[in-house]
Each structure stands twice: as structure tokens, then as C-alpha cells.
Amino acid sequence: MTFDSQRRNYLLMFLDNMLFTSAMTFLSINTVLTYFLNHLGATTFEISLANALVSIGAVISQPVFVKKLVSLSYKLHTFVRILLTQRLFMLLFVATVPLLAPRHPHWMIVWFLVAWGIFNFFVGSYSPFYMSVFAKMIAVSDRGRLRGYSASAGNGIALIAAYLIGVILKEVAYPFNYTLLLGLGALLLLLDALDFALMKEQPDQVIQVEVNYFRYFRDIPAVLRRNKAFARMVLAFSLMVIAQVGLVYYSLYAIRVYHAQAVDIAWFTATGVFVNILGNIGFGILADRFSHRLVLEYSAVLGALAGLAALSIHHLAGVYIAFALSNLCLSGYNLSSSILVVENTTLDQVPMHISVNVMVTLLVSSAVTLLTGALVSQVSFLSIFVLVLLAGALSSWVMHTLPIGTSGGTLTLQKAKAQKNSRP
């Protein structure tokens, strides 16, 4: 690949993160969509189900996309078609909101859950396709800063989006306020798909591997058994996504306990955006200077502190603090988790290891989200915050004890194992 192509791809990868981050501000399941569902009269279970569908859709579909991926020498063209299909469908859903929401709110909830589930079915393509392309196009030494700086730039734009969310929710009549917000998110996602279409890709040498759908699930335990260090990594990630489950409930907690209004929801969005700007810059520098493992270790601690803040500060300000800390936890996780896997496996195993990690963490996330929905209904929000605190603390400990390198970037798992075996 020529220097010009490498620079082009770097810039387009940078733009991708900006567009995606901005788009998901308008389509945030933790703020905008939760507020929309609450406005429609959705139950706590329906809201927790909407959050769980983010994971469930990807769990169901990921083996399908991995099977397609492993047979492709060129991956970008297929990925672009998948993204365009997903995002044009979202625009179709948005067009139905003003027709259905005012007259039939119950059916709007049902249609939203169906459409949101279909949208998240395509999310199963994200990790295996994106990380396979990312690993080819971006040098190891540049990955942390690229993702950190581009996400921070995207969150800078998302600050404007957060301001617009408050204005639109307050000033534009229902249901056109939600139609406009969701439409803006879908259009930005469509532009993001076109951004990938402009990238230049080198072909891979493909080893034909047959991926059977049900065998794929059966093989996950075998993959984890063969590589104990990778299994511990996945355990740490699973605990970290449990620590992030509070994000599902902080805004709902604020709405139902502290009677948060549209302007408060906008402030929640702005808070998440602002801390992500700082977090992505800081974590990106920390990752490239020290290690992605260290980023994840600190992120888990922040997740635990979020639960502690929600438990100990009995005021709306405490919910904002918890929301900010939990977003920082998610920011570090999003920046470093996949890269840590990539840096600790061989290139031919990247799709499978990325996919196994995502599958396990998504299964954990969806199960815990549904379970915590029942906990909120039967016990209280506080039980969720206790769970968040414990999971974050345990995740940090497991990450700290991983048998991989810590300074100047990570070692491969194979090298770490060799070093361990060579010690007297």
C-alpha cells in the first residue's frame, strides 16, 4: 500500500470515529431513546429490553457475519453494503415516528423494539469487520492516539449535538422533536457508511474455514480453554460491561426519582460527551505511552467509583457524577479492549478472538441488563449500583493480574507465556 493510501485511510478512519460518535449522541439508548420510551409510557422491562437488544442482536448475528468475513480477501465492500442496509432501514423507521407515536403509543413501543432489534442485528458485523480492517490499515504505534483523538473530536461535535437535543426536545412539538433527533442520527450514520466506501484496502491471504452457526457457539469454550490468558482477559471485560450496566439506569433513575426534565436529559448527554472528549484524549496518550491494559485497569476503577457515587450522593448531582464516571469507564473500554485483543493474538486469529470476546461480553451484557430490569422493578435502583461497584472493582483486579506486558505496549500472549516458562 502506498504512503498516500495509508494517509488517506488514516484520515478516513479518523473521520469514521467522528461521524459515528456524533451520530450515536442523537441515537443514545442511555438518554434520548430512554426518554422517548418513557414519554411513550414504556415499562421498566421494556426500557431494559431496548438496552438488552443492543447486545442480543449482535449475539445472534455475529456468527453469520464472521462466516462471511473469513472467506473474504477484500472486506470493505461487503462491510459498506451491510452498513448501508442497516442505516437506510433506520431512516425508514424514523419516517414512521410521526405517523404512529401520537395515536398509537403502545404500538410505537412494539415497532421500536422490533426495529431496534433489527438495527442491532447488523451491529454484529461491527467488531469483526471493523477490527480486521483497522488492524491492516493502522500501525500499532498509532492505534491508541488515532482512536482517542478521533473520538474526542467526535465528542467535540457531539457537544453541539447535546445542545441541539435540549433545544429540539423543548422547542419542537412532539413527536417531530424525536423524529428530527433520530433522523439526524441516522443521516450521520449513513455518511459514516459512505466514509468506509472511500478507503483503499489491500487483499488478505484467505484460508478457507467453514464456520457452522451452532458449532460457532459450541467452540467458544474450547477457544477459551486453549488460551488461559485470553480467557482471563474476556473475564475482565465481562466484569467491566457489568460495571457499565448503570448507564442503562442513571437517566431513568434521574427521571423517576428526581423528576428530570428535557433540559436535564440534554445535560446528561452533554456530560457524557464532555467526559468522553477528555477521556479519549487521556486514554489515547496513556495507551500509546504505557499500555492498553493500563487504560482498561483504570477504566474499571472508574466504573466502580460510578456505583459508589450513585450510592453515596443522594442528589441529582450524584447521578450526574455517576453517569460521567461510567461514561469514562465505557470510553476506556471502547478505546482499548479490541486493540488489547488484537495486540495479543496472531493476525489470522484476530477475527475469531475479537468475535469470541464480543460474543461473551454481549451475552453477559444482555443477560445482566434483563436481570437488572427485574431488580429495579422488584428491589430498587440501589441494588444496581451495588452490583456496578463490585463488578468494577473485581474487573480492575483481574485486569491487573493478566500475564501480558505492561510497559511500552503489550506483549503477545505467546511471548508472555514463553517468558513465564523461562523463569527459574
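Computed from a predicted structure; not experimentally measured.

A. Representation of the overall build of the protein chain within the structure. Each helix and strand counted, the protein chain has 17 helices and zero strands in total. Among the 424 residues that make up the protein chain, the fraction classed as buried is 58%. Considering only residue pairs separated by 6 or more positions, the protein chain has 86% of its internal contacts joining residues 24 or more positions apart. Of the roughly 17,700 Å² of accessible surface on the protein chain, a fraction of 67% belongs to carbon and sulfur atoms.

B. Spatial organisation of the packing of helix α2 (residues 32-40) against helix α3 (residues 44-69). Between α2 and α3, the shortest axis-to-axis distance is 10 Å and the interhelical angle comes to 150°. Classified by the angle between their axes, α2 and α3 sit roughly antiparallel to one another. Remark: the crossing between α2 and α3 carries right-handed chirality. Residues T34, L37 and N38 of α2 form the contact with α3, whose participating residues are I47, A50 and N51.

C. Structural view of the pattern of salt bridges. Inspection of the entire model under this criterion finds one salt bridge. A salt bridge links R87 to D192, with the shortest nitrogen-to-oxygen separation between them at 2.9 Å. Of this pair, R87 sits in helix α4 (residues 76-100) while D192 sits in helix α8 (residues 176-197), placing them 105 residues apart in sequence. For the pair R87 and D192, one class covers both residues: buried.

D. Local environment of the packing of aromatic side chains. Following the criterion strictly, the structure yields 20 aromatic pairs and no others. Relative to F112, the ring of F36 has its centre 6.4 Å away and its plane inclined at 85°; by these criteria the two rings are edge-to-face. With F36 in helix α2 and F112 in helix α5 (residues 105-121), the pair connects residues that are 76 residues apart, well separated along the chain. The pair formed by F36 and F112 is uniform in burial state, with each residue classed as buried.

E. Spotlight on the nonpolar core. In terms of nonpolar packing, the biggest core is built from 132 residues, with M13, F93, W116 and Y250 touching the most fellow members. Not counting residues within four places of it along the chain, the set of residues in contact with M13 comprises Y130, V133, F134, M137, I138, L146 and M199.

F. Up close: the environment of L19. Relative to the helices and strands, L19 resides in helix α1 (residues 3-26). Judged by relative accessible area, L19 falls into the buried class, the value being 14%. Setting aside residues no more than four positions away along its own chain, L19 makes contact with L188, L191, D192 and D195.

About the thresholds
- Residues numbered from 1 in each chain as written.
- Predicted model: local features only at pLDDT ≥ 70, side-chain atom pairs only at ≥ 80, totals over all residues.
- Heavy atoms only, no water.
- Helix = DSSP H or I, 4+ residues; strand = E, 2+ residues; numbered from the N terminus.
- Buried < 20%, exposed > 50% of the residue type's maximum accessible area, 1.4 Å probe, protein only.
- Contact = heavy atoms within 4.5 Å.
- Areas by Shrake-Rupley, 256 points an atom, 1.4 Å probe, with all protein chains shown as cover.
- Axes fitted to C-alpha atoms, helices over the stretch in contact; angles between N-to-C directions.
- Parallel < 35°, antiparallel > 145°, perpendicular 65-115°, else oblique.
- Left-handed = near helix turned anticlockwise from the far one by under 90°.
- Salt bridge = Lys/Arg side-chain N within 4 Å of Asp/Glu carboxyl O.
- Phe/Tyr/Trp six-rings, centres within 6.5 Å; stacked < 30°, edge-to-face > 60°.
- Core = buried A, V, L, I, M, F, W, Y, C linked by side-chain atoms within 4.5 Å.

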